[in-house]
Every structure is written in C-alpha cells, then in structure tokens.
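The primary structure of each chain is shown beneath.
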Amino acid sequence: MARRKYVVGNWKMNGLSAAIADAQAIFAAAKDHPGVDVALCPPFTLIGGMVAAAPGAAVGGQDCHSAASGAFTGSVSALMLADAGATLVIVGHSERREGCGESDADIRAKAEAGLAAGLSVILCVGEPREVRESGGAIDYVLAQVAQSVPDDFDATRLSIAYEPIWAIGTGLVPTVADVAAMHGAIRGALTARFGGKADDMRLLYGGSVNGDNAAELLGAGDVDGALVGGASLTAAKFVPIVAATAALG
Ligand code: 13P
C-alpha cells in the first residue's frame, strides 16, 4: 500500500482558546491539498474545542499515560484523548524523554496504550548533538527504535518521527544525505524486524522544518512527511509546508 504524506503540527505548550481560530484556518487551507494527511497536536486543554471547531479534522495529544486510569495526578490516558475526540497521539518526544525522564520502556508502553485506544501513534526518536558529532547517531537511534517500538501493531497507525535533538527549535537541520541515511537505516531495521508490514509505516522528519526547507528535507529518501513545532502555530507558516509536501507528489 502506498504511504500517504503526513504533516503534523506539534503545538507543544502553546495556545490559548483564541488559537482555535488558527487551527480552523490551517484545516480549511489543508483541504486544498487532499493528497496530504494533516494533523495538529495542541495542548490537552484545546483538544475538545479544536475537534468541535473543525469536525473531521485530525487532532491529537502530545503525550499519554500508559495506564487507562488511576492515581496519576496530572496525567491523561490514551482513552481520555480518544474520548475527547483525538485520533492520534505523539509519544517519546525528546522534550519528554529528557525533561520528564521517560525511558524507551515507558514510551513503548505509551505507544501500546495509544494503539489499544484506537489512536494513531507518532513515536519520536532522535540523537543529541554530542552523539551526532561523535558519529554514533544511527546506532543511537536504532537502539531507541528497537527498544521503544512495540512488537505487535497495525502498521498504518504507527509512524516514527526522527527528530535530531540539536535541530529542534534551533534553525539547524541535518543535510539531506544525513536525513536519507537515517531514514533508510530506520526503515531497514523495521523491515528486518517486521518484514513487509514495515512498508506501511510512515517515517517523519522533525526539527526546524519551515516553508523554505520543507521541499528539500521531505524530498530525501524514505521521508513520508514532517513533524513541525514552531512553524505549525499559524496557517501562514504551516500551510506552505503542507503545500510543499503536496508538490512532492
Ligand atoms: P521545531 O519545528 O520548532 O524545531 O520543533 C520540532 C519538534 O520538536 C516537533 O515535535
């Protein structure tokens, strides 16, 4: 099955209720590019309002707890996301791996919870700067993939986002050759472990993607789309990324 292009906005901890109008503008403009799946992951507080304001649009969470419910103050379960109208969830973002001490085992459990709740899951991996500089980026990321990707899943609902930590929010990006090498290595490892079903898994690139560099970065081999932070907050910045992705065919 051909993989559809996928462009996802991660709003991180940005957005009050007035920002729902920005989401509506993004989803409305995205209709001009029916060949690209577009999703937004706002803070938990905006999910319900965004779903109500943009019926049928793909809205997701930025994290979930691995348990369905219980005494976990401040956490939100995958079932709760689905109940609020979300259809996807990001797990394993480096800002949670590093800032909240999440391990590969934690992320695998969260991915399993998301899939069990019927959500699509975007599982993030990516190396810190010193690992890139020492030449160990591919080994580092393949270890994250090996330890955080579950054993059993619907491949059309599990995507991997390669987000080099040093490229997030910095304006720095890897070379196209480095992106292609990393995505090729991830695809190879998934195929070795899962066989043909790995062909259905989408591999996204994330880290300082904008309207100017999207065509080049997303044109690299084995890149099926983008996970976008800062440039996903407004239609003016995000829609050009969607358009550039659509133009890649
Ligand atoms: P930026 O696009 O702001 O670099 O963020 C990338 C990211 O972390 C998306 O999850």
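Everything below is about the structure printed above this text.
First, a word on what this report is: a plain description of the structure on this page. (Residues numbered from 1 in each chain as written. Predicted model: local features only at pLDDT ≥ 70, side-chain atom pairs only at ≥ 80, totals over all residues. Heavy atoms only, no water.)

## What about helix H7 (residues 137-148)?
Using the following cut-off: Counting from the N terminus, the helices are the DSSP runs of H or I reaching at least four residues and the strands are the DSSP runs of E reaching at least two. How far a helix is expected to stretch is found by multiplying one less than its residue total by 1.5 Å. Three exposure classes are used, based on accessible area relative to the maximum for each residue type with a 1.4 Å probe and protein chains only: buried under 20%, partly exposed in between, and exposed over 50%. In this description, the arc belongs to the directions extending from the helix axis to the C-beta atoms.
The end-to-end C-alpha distance of H7, which contains 12 residues, comes to 16 Å, matching closely the 16 Å that a straight helix rising 1.5 Å per residue would cover. By the burial criterion, the buried members of H7 are Ala 137, Val 141, Gln 144, Val 145 and Ser 148. What you see down the axis of H7 is that its buried residues fit within an arc of 100°, all on one side.

## Looking at the side chain of Lys 110
Our working rule: Should any heavy atoms of two residues lie within 4.5 Å, those residues are considered in contact.
Mapped onto the secondary structure, Lys 110 falls in helix H5 (residues 104-116). With relative accessibility at 9%, the residue Lys 110 sits in the buried group. Those residues in contact with Lys 110 that sit more than four places away from it in its chain are Asp 63, Cys 64, His 65, Ser 66, Val 91, Arg 96 and Glu 102.

## Some details on the site of the ligand
Selection criterion: Only heavy atoms are used to decide nearness, and a residue is near a molecule or strand if one of them lies within 4 Å of it. Residues adjacent in sequence count toward polar contacts only when both atoms are side-chain atoms; beyond that, a polar contact is any pair of N or O atoms within 3.5 Å, and within protein one must be able to donate a hydrogen and the other to accept it. Note on areas: Shrake-Rupley with a 1.4 Å probe; residue coverage comes only from the protein chains shown. Each residue is assigned to one of three groups, with Ala, Val, Leu, Ile, Met, Phe, Trp, Tyr, Cys and Pro labelled nonpolar, Asp, Glu, Lys and Arg labelled charged, and all others, Gly among them, labelled polar.
Taken together, 13 residues surround the ligand, and among them Lys 12, His 93, Gly 169, Ser 208 and Gly 230 come closest. Here an oxygen atom of the ligand and a backbone polar atom of Ser 208 are 2.8 Å apart. For the ligand, whose unbound accessible area comes to 310 Å², protein coverage reaches 94%. Its residues placed into classes, the shell around the ligand shows four nonpolar, seven polar and two charged.

## Comments concerning the packing of aromatic side chains
This is how it is decided: Two aromatic rings from Phe, Tyr or Trp, using only the six-membered ring of Trp, form a pair when their centres are within 6.5 Å; if the ring planes differ by under 30 degrees the pair is stacked, by over 60 it is edge-to-face, and anything between is tilted. Our definition puts a charge over a ring when NZ of Lys or CZ of Arg is within 6 Å of the ring centre and also within 35 degrees of the ring normal.
Applying the stated criterion across every chain yields a total of two aromatic pairs. Ring geometry for Phe 153 versus Phe 194: centroids 4.9 Å apart, planes at 75°, classification edge-to-face. Note that Phe 153 is positioned in the loop between H7 and strand E6 (158-162) and Phe 194 in helix H8 (residues 176-194), a separation of 41 residues in sequence. As far as the burial class goes, Phe 153 and Phe 194 line up, both buried. Directly above the ring of Phe 153 sits Lys 197, whose terminal nitrogen or CZ lies 4.1 Å from the centroid.

## Quick notes on the pairing of strand E8 (residues 225-228)
In summary, the side chains of a regular strand alternate between the two faces of the sheet. Keep this limit in mind: We call two strands paired when DSSP finds no fewer than two bridges between them.
Both faces of E8 are covered, namely the face carrying Gly 225 and Leu 227 and the face carrying Ala 226 and Val 228. Both strand E1 (residues 5-10) and E8 contribute to a ladder of four bridges, which runs parallel. Its bridge partner being in E8, Val 7 is matched across the sheet by Ala 226.

## Remarks on the pattern of salt bridges
Using the following cut-off: Put simply, a salt bridge is a Lys or Arg side-chain nitrogen that is within 4 Å of an Asp or Glu carboxyl oxygen.
Inspection of every chain in the model, using the stated rule, returns 18 salt bridges. Across the pair Arg 96 and Asp 63 runs a salt bridge whose closest N-O atoms are separated by 3.1 Å. Of this pair, Arg 96 sits in helix H4 (residues 94-99) while Asp 63 sits in the loop between strand E3 (58-61) and helix H3 (78-83), and the two are 33 residues apart along the sequence. For Arg 96, a relative accessible area of 27% gives the class partly exposed. Among the ionic pairs, Asp 151 bridges to Arg 108, the shortest N-O distance being 3.0 Å. Within this pair, whereas Asp 151 is found in the loop between H7 and E6, its partner Arg 108 is found in helix H5, the two being separated by 43 residues in sequence.

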